[in-house]
Amino acid sequence: IPQEGITLGKKDAPVTLVEFADLKCPFCRDFSVNSFPTIVDEYIKTGKVKMLFQVQTFVAEQITPGDSRNAATMAEASGMQNKLWNFTDLWYANQKEETEIAATDEWLREIGGAIPGLDVEKAMTDRDSETVDNRLHYVHQEGQQVFKYAVRKMYETCRDLLETAGVSASDI
């Protein structure tokens, strides 16, 4: 399957699916392990869909400050070598508890070292690059916009359903 940067699949696929995920998120892991393989087999491999991975850094930041970001920087740095999807697959397959510090240099080197063709030391260095920092900033901003839109749409849908049922939001 072609992979370039954050994209998995053919560049000219008619549908683009965007995943916003945190590598420490257990629900994101569940999606990656349980649902994503079906999407790959039925849609990405067939050229119907390409998928973009927008790495987020929101899980357990109060408990394990910076850990989510450390994982995210390695994913982005791996993407600079067109190995982001390999990294995320291995990360999720070996995901630790969200409250546990996981993204140590040692662990990132171990995960990276299991990816054929990834220059681990280059990725470790690239984690601190302006390119990776700018990507994470951009993705964070984009994630906030998507979240705001989703919350607004959820509110509007619920309000409309309540009104259809003859219930006022103020009654709740």
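Quick caveat: nothing in here was measured; it's all calculated off a predicted structure.

Here's the deal with the overall build of the protein chain
Alright, step 1. Helix and strand counts for the protein chain stand at six helices and four strands.
Alright, step 2. Beginning at the N terminus, the succession of helices and strands in the protein chain can be written as β-β-β-α-β-α-α-α-α-α.
Alright, step 3. With the principal axes as the frame, the protein chain shows a C-alpha extent of 60 × 40 × 30 Å.
Alright, step 4. Taking all 172 residues of the protein chain together, 40% fall into the buried category.
Alright, step 5. Long-range contacts, defined as pairs at least 24 residues apart, comprise 74% of the intrachain contacts of the protein chain with a sequence gap of at least 6.

Brief notes about the environment of Tyr43
Alright, step 1. Structurally, Tyr43 can be placed in helix α1 (residues 26–44).
Alright, step 2. C-alpha of Tyr43 to C-alpha of Val59: the two residues are 16 residues apart in sequence and 29 Å apart in space.
Alright, step 3. If near-sequence neighbours (up to four positions away) are discounted, Tyr43 is found in contact with Thr38, Lys48 and Val49.

Focus: the packing of helix α2 (residues 67–79) against helix α3 (residues 84–93)
Alright, step 1. Their axes nearest at 7 Å, the elements α2 and α3 cross at an angle of 145°. In this structure, α2 contributes Ala71, Met74, Ala75, Glu76, Ser78 and Gly79 to the contact, and α3 contributes Leu84, Phe87 and Trp91.
Alright, step 2. Taken together, the residues of the contact of α2 with α3 break down into six nonpolar, two polar and one charged.

Digging into the packing of aromatic side chains
Alright, step 1. Scanning all chains against the criterion turns up four aromatic pairs.
Alright, step 2. Plain terms: the ring middles of Phe31 and Phe36 are 6.2 Å apart, the flat faces sit at 45° to each other, and that makes the pair tilted.
Alright, step 3. On the basis of relative accessible area, Phe36 is assigned to the buried category, the value being 6%.
Alright, step 4. Ring geometry for Phe53 against Trp85: centres 5.7 Å apart, planes inclined by 75°, an arrangement best described as edge-to-face. One end of the pair, Phe53, is in strand β4 (residues 49–55); the other, Trp85, is in helix α3, with 32 residues separating them in the sequence.
Alright, step 5. For Phe53, a relative accessible area of 1% corresponds to the buried category.
Alright, step 6. Among the aromatic residues, those joined into a cluster by ring pairs are Phe31, Phe36, Phe53 and Trp85.
Alright, step 7. Just above the ring of Trp107 sits the side chain of Lys96; from NZ or CZ to the centre is 4.0 Å.

Comments concerning the layout of surface pockets
Alright, step 1. The volume enclosed by the largest pocket comes to roughly 200 Å³.
Alright, step 2. The wall of the largest pocket is formed by Phe20, Ala21, Cys28, Gln56, Phe58, Gly143, Gln144, Val146, Phe147 and Lys148.
Alright, step 3. For the lining of the largest pocket, the secondary-structure elements that each account for two or more residues are β3 (15–21) and α6 (130–164).
Alright, step 4. The element that contributes the greatest number of residues to the lining of the largest pocket is α6, accounting for five residues.
Alright, step 5. Counted by class, the lining of the largest pocket contains six nonpolar, three polar and one charged residues.

What counts as what
Residues numbered from 1 in each chain as written. Predicted model: local features only at pLDDT ≥ 70, side-chain atom pairs only at ≥ 80, totals over all residues. Heavy atoms only, no water. Helix = DSSP H or I, 4+ residues; strand = E, 2+ residues; numbered from the N terminus. Buried < 20%, exposed > 50% of the residue type's maximum accessible area, 1.4 Å probe, protein only. Contact = heavy atoms within 4.5 Å. Axes fitted to C-alpha atoms, helices over the stretch in contact; angles between N-to-C directions. Nonpolar A, V, L, I, M, F, W, Y, C, P; charged D, E, K, R; others polar. Phe/Tyr/Trp six-rings, centres within 6.5 Å; stacked < 30°, edge-to-face > 60°. Lys NZ or Arg CZ within 6 Å of the ring centre and 35° of its normal. 1 Å grid on protein atoms, 1.4 Å probe; cavity = no way out; pocket = protein on both sides within 12 Å on 5 of 7 lines; lining within 4 Å. Points joined across faces, edges and corners; volume = space filled by probe spheres on them.

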